[in-house]
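Reading the structure
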Amino acid sequence: MEFLRAIGPVFNFLLLALALVFFTRKQIRKLFQERRDRIADALGRAADAQDQARHTAEDIAEAQQAADAEAHAQLAEAKAQAEANTAAADAETAREAEAVRRGVAQTEAQLRSDMEDRVSDAAIGRITAATAGVLAQDAFAPARAALVDEFVANIGAYLTTQPSDALALAETGTLTVEVEAAEPLPAAALDALKGTLTRAYGHVTCMTTVRPELIGGVCLRIGDTHYDGTLRHALDLLEQDAANSALHTTDENPDLAACIRDRLADTHVAIDVFQTGIVTSLSDGICRVRGMADVMAGELLAFDGTLRGMVMDLGREDIGVVLLGPYGHLQEGDRVRRTGQIMSVPVGEEMIGRVVDALGRPIDGHGPIRTTERRAIESPAPGVIARKGVSVPLQTGIKAIDALVPIGRGQRELIIGDRQTGKTAIAIDAILNQKDTGVLCIYVAIGQKESTVAGVVQKLRDRGAMAYTTVVCAHASETAPMLYIAPYAGAAIGEYFMYRGRDVLIVYDDLSKQAVAYREISLLLQRPPGREAYPGDVFYLHSRLLERAARLSEAAGGGSMTALPIIETQAGDISAYIPTNVISITDGQIFLETDLFHAGVRPAINVGLSVSRVGGAAQLGAMKQVAGRLRMDLAQYRELASFAQFGSDLDKATRDTLARGSRMTELLKQPQYAPMDAADQVAVLFAAGEGYTDSIAVEDVPHYADALLARIHRTYPELHALVHSGKKLPPEALERLRTLADETLKNL
């Protein structure tokens, strides 16, 4: 019993424990299962953590390798850039040294030329004076008589019947001949001379005059024509050659004294045939000349000294002549001589890099221009058959122009706007952008201050553009005739290269001043005034000039001349007389707006009024691809912006248009003297057109463009060749540009 009582509690405890286990076995299994699950989950997370740690280590290693590679690449790029900068600096130093050396050589040549001019003038002046005194002595009487006999024997070969002579014979039946000699002519010589004149003209009346100052020989005057075989005239021609700088040393003959001796040895008394007239009135750079009935319109006339004139008006009794140079020494009664040459200027390779006046004479102090070819300033424009369609682009380096109003080689694109709106800046940037393109440039400065032209020339020289540029300058202090002929002189210089297969860009800055100069000349010549006092042919003044710009066919030479005339407006009035004339002549215009200029939009191109009538035919395929809607978007932006300032409740589409337009306008701004390569233009315009600048602040757009170009230059240099091939960009190139634009935006 005691035993049973002792084990009873134990038995009850066991029974109770078994019952408890029996009833709680599911919960226990569940607890153990949850425990196992938690342990398994912890083990899984630990394994994941291990994998993640391993992957992180691998990523860190890869990032380290990429960072090392990037560092090496940047180091190599910095080294290459440093080497390029060093090479560029060395090249710039060498170029500057070469420029200094060339300048010194040119200055030395100019000083030598000036010295030779003064020495030869003085020497020949003394020689001719001494020669005249010696030849007048009795010891040379037989030689003077022989000179008369030679004149009488040879004059028949020189006699010609001028139109005025034929008219006099028809009206009066006789011709009056004045015979001048230094001594009384022997009877036999006078009879022989009369016989020769009678055989040439029929009935003649001879009037003899003795003029001892002629020294020796004979001079005939038939109407306005002179047949001069006198010693005095030969000595005068020798002095005139010296005054015209005809005597200079050469590489073959570097001795000036030898040059003078050779010139004197070549001097002989020949019969010189020329026509003369007499100045009857003189005022404001215009003179009237009586005589010279056979003179040609546009002919060059020679006055005393180096003064020249051009025939502008043919009257019944006299002719009107415009004077091309200082005329303070000219007086009424002075004689003027025909040259028989139409007004021309020197042309040739020697003109490149020089600054010349409207007559082609150097004014840059770099010595004489050694060229033997000349070209008439007025020449017919190429015909339709000789022309070829404008299809080759001429890049100006200005985004707003190359994208919106593209210019082609052979085109005439007017630059028009008020004063101080950046017209000349656009032309100069276009010249700077022609470096290494093979295009020769001519800048014609009309009526500008000399300091202004000197500044332009210095800018061109500093940037290496004078190596392919010629500057023709007719500054404000010169006479109206010089301003009038300057554009034609520039066109003649350009045509020389165009007809030899070269491409030429010529800038006329500006034609408004030429029109004013022509109006002044016409009023002084008493031509009837028309609208705004301009003569009736002022349209022809510009049309015959600008029509000479063309792209020639291969048969005609294959060259081209692109004209950028500049016209200044008053208060933005493009409907005035001269602006409308030139607009109707040219193939488009770039209109610069004063309000845009003052608002900081430079170049201040008015998109609505600017147009290129050649259009996409003269545009790179890639540029046409990315700038298709640019004009319409900008025009829409300008119109919406003018209305948006009156209210603030704008819908989302309008706000998006204004945002895109403001950023595109900011992107098209460009500093002066910084033309941009076509590939760079295509890249930034593509990025803006794809909307990559929409999320950027307006003031940050230039920074984004610079960063994008830097990335493209570093990682995608092939874009340059793709754009300049003239074809559209392939899809893979566009995708590459999108990637680069997106990366630049993320890293901005």
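Notes on the structure follow.

All right, on to the overall build of the chain then. Looking only at helices and strands, the chain has 21 helices and 20 strands in total. Every one of the 748 residues in the chain was classed for burial, and the buried ones make up 44%. Partitioning the intrachain contacts of the chain with sequence separation of at least 6 by distance along the chain shows that 75% fall at a separation of at least 24. For the chain, the exposed surface amounts to about 37,100 Å²; the carbon and sulfur share of it is 56%.

What follows concerns the packing of aromatic side chains. Scanning the entire structure with this criterion turns up four aromatic pairs. Arranged with centres 5.7 Å apart and planes meeting at 65 degrees, the rings of Tyr484 and Tyr488 form a pair that is edge-to-face. With Tyr484 and Tyr488 both in helix H10 (residues 480-498) and four residues apart, the pair spans about one turn of that helix. For Tyr488, a relative accessible area of 0% gives the class buried. Grouping aromatic residues by their ring pairs yields a cluster made of Tyr484, Tyr488 and Tyr518. For Arg602, the ring lying beneath its charged end belongs to Phe597, and the centroid distance is 4.1 Å. Over the ring of Tyr716 we find Arg736, and its NZ or CZ is 4.6 Å from the ring centre.

Attention shifts here to the packing of H10 against helix H12 (residues 538-546). Packing of H10 against H12 leaves a shortest axis separation of 10 Å and a crossing angle of 15 degrees. Classified by the angle between their axes, H10 and H12 sit roughly parallel to one another. When the axes of H10 and H12 are compared, the crossing they make is left-handed. Judged by residue contacts, Tyr484, Pro487, Tyr488 and Ala491 of H10 engage Leu541, Arg544 and Leu545 from H12. Residue composition of the contact of H10 with H12, by class: six nonpolar, no polar and one charged.

Mapped onto the elements, Leu235 comes out in helix H5 (residues 231-243). Taking the C-alpha atoms as reference, Leu235 lies 8.0 Å from Ala132; in sequence the two are 103 residues apart.

Its location among the elements puts Asp294 in the loop between strand S6 (286-291) and strand S7 (299-302). Those residues in contact with Asp294, other than ones at most four positions away along the chain, are Gln162, Pro163, Ser164, Gln275 and Arg338.

Let us look at the environment of Val582. Relative to the assigned elements, Val582 resides in helix H13 (residues 577-585). Among the residues examined, Val582 registers a relative accessible area of 0% and is labelled buried. C-alpha separation for the pair Val582 and Glu413, spaced 169 residues apart in sequence, amounts to 9.9 Å. Val582 has contacts with Leu414, His542, Leu546 and Ile567, leaving out every residue within four places of it along the chain.

The strands that make up a sheet pair up through hydrogen bonds in the backbone, lying either parallel or antiparallel. Spatial strand order, S12-S16-S15-S17-S18-S14-S19-S20: eight strands in an open sheet with mixed pairing. Since the sheet does not close on itself, it has two edges, and those belong to strand S12 (355-356) and strand S20 (611-612), each with one partner. As paired strands, strand S19 (residues 588-592) and S20 are joined by two bridges and run antiparallel to one another. The residue of S20 that forms the bridge with Gly588 is Ser612. Docked against the sheet, H13 engages strand S14 (414-417), strand S18 (560-568) and S19, running at close to 155 degrees with respect to S14.

The interhelical angle for the contact between helix H16 (residues 630-644) and helix H17 (residues 652-668), taken along N-to-C directions, is 115 degrees, at an axis separation of 9 Å. Relative to H17, the crossing made by H16 is left-handed. Residues Leu630, Leu634, Gln636, Tyr637, Arg638, Leu640, Ala641 and Ala644 of H16 lie in contact with H17, whose contacting residues are Thr654, Thr657, Leu658, Gly661, Ser662, Met664, Thr665 and Leu668. Residue composition of the contact of H16 with H17, grouped by class: nine nonpolar, six polar and one charged.

Before going further, it helps to spend a moment on the pairing of S18. The element S18 is extensively covered by neighbouring structure, given that eight of its nine residues are classed as buried. Alignment of strand S17 (residues 503-509) against S18, held across six bridges, turns out to be parallel. Note on S18: the bridge partner recorded for Tyr508 is Pro565.

The next thing to look at is the side chain of Thr276. Considering the arrangement of structural elements, one finds Thr276 in strand S5 (residues 272-283). Of note is the side chain of Thr276, whose polar atom sits 2.8 Å from the side chain of His226. Reaching out from Thr276, the side chain makes a polar contact with the side chain of Arg335 at a distance of 3.0 Å. In contact with Thr276, other than residues within four places in its own chain, are Asp224, His226, Met292, Arg335, Val336 and Arg337.

Turning our eyes to something else, we now look at the nonpolar core. If you look at the biggest cluster of nonpolar residues, it comprises 97 residues, and the most contacted ones within it are Met310, Leu324, Ile431, Leu460, Tyr484, Ile485 and Tyr508. Beyond its immediate chain neighbours, meaning those up to four positions away, Leu460 contacts Ile428, Ile431, Leu432, Ala465, Met466, Thr469 and Val471. Grouped together as the second largest cluster of nonpolar side chains are 40 residues, Ala403, Leu630, Leu685 and Val701 included.

At the junction of Asp509 and Asp510, the peptide bond is cis and its omega measures out at -10 degrees in the coordinates. Each neighbour pair has its own omega, and for Arg602 with Pro603 the value is 5 degrees, a cis peptide bond. Tracing the sequence through the fold places Pro603 in the loop between helix H14 (594-598) and S20. One non-glycine residue, Ile215, lies in the positive phi region at around 70 degrees. Tracing the backbone through its elements, the reader meets Ile215 in the loop between strand S2 (204-210) and strand S3 (218-222). Using a relative accessible area of 8% as the deciding quantity, one classes Ile215 as buried.

The two faces of strand S4 (residues 225-228) match: Thr225 and Tyr227 on one face and His226 and Asp228 on the other face are all buried. In the sheet, S3 pairs with S4 via four bridges, with the strands oriented antiparallel. The partner of Arg221 across the bridge, within S4, is His226. The hairpin turn running from S3 into S4, its antiparallel successor, is two residues long, and Gly223 in that turn takes a positive phi close to 65 degrees.

Given a rise of 1.5 Å per residue, 15 residues ought to cover 21 Å, and the 21 Å separating the end C-alpha atoms of helix H19 (residues 701-715) matches this to within 8%. All of the buried residues in H19 are Val701, Tyr704, Ala705, Leu708, Leu709, Arg711 and Ile712. For H19, the buried positions fall inside an angular range of 160 degrees around the axis, keeping them on one side. Along its buried surface, H19 packs onto H17, helix H18 (678-689), helix H20 (718-724) and helix H21 (731-747).

Cut-offs and rules
Residues numbered from 1 in each chain as written. Predicted model: local features only at pLDDT ≥ 70, side-chain atom pairs only at ≥ 80, totals over all residues. Heavy atoms only, no water. Helix = DSSP H or I, 4+ residues; strand = E, 2+ residues; numbered from the N terminus. Buried < 20%, exposed > 50% of the residue type's maximum accessible area, 1.4 Å probe, protein only. Contact = heavy atoms within 4.5 Å. Areas by Shrake-Rupley, 256 points an atom, 1.4 Å probe, with all protein chains shown as cover. Phe/Tyr/Trp six-rings, centres within 6.5 Å; stacked < 30°, edge-to-face > 60°. Lys NZ or Arg CZ within 6 Å of the ring centre and 35° of its normal. Axes fitted to C-alpha atoms, helices over the stretch in contact; angles between N-to-C directions. Parallel < 35°, antiparallel > 145°, perpendicular 65-115°, else oblique. Left-handed = near helix turned anticlockwise from the far one by under 90°. Nonpolar A, V, L, I, M, F, W, Y, C, P; charged D, E, K, R; others polar. Pairing = 2+ DSSP bridges. Polar contact = N/O pair within 3.5 Å; in protein donor to acceptor, adjacent residues only side chain to side chain. Core = buried A, V, L, I, M, F, W, Y, C linked by side-chain atoms within 4.5 Å. Expected span 1.5 Å × (residues − 1). Arc of directions from axis to C-beta.

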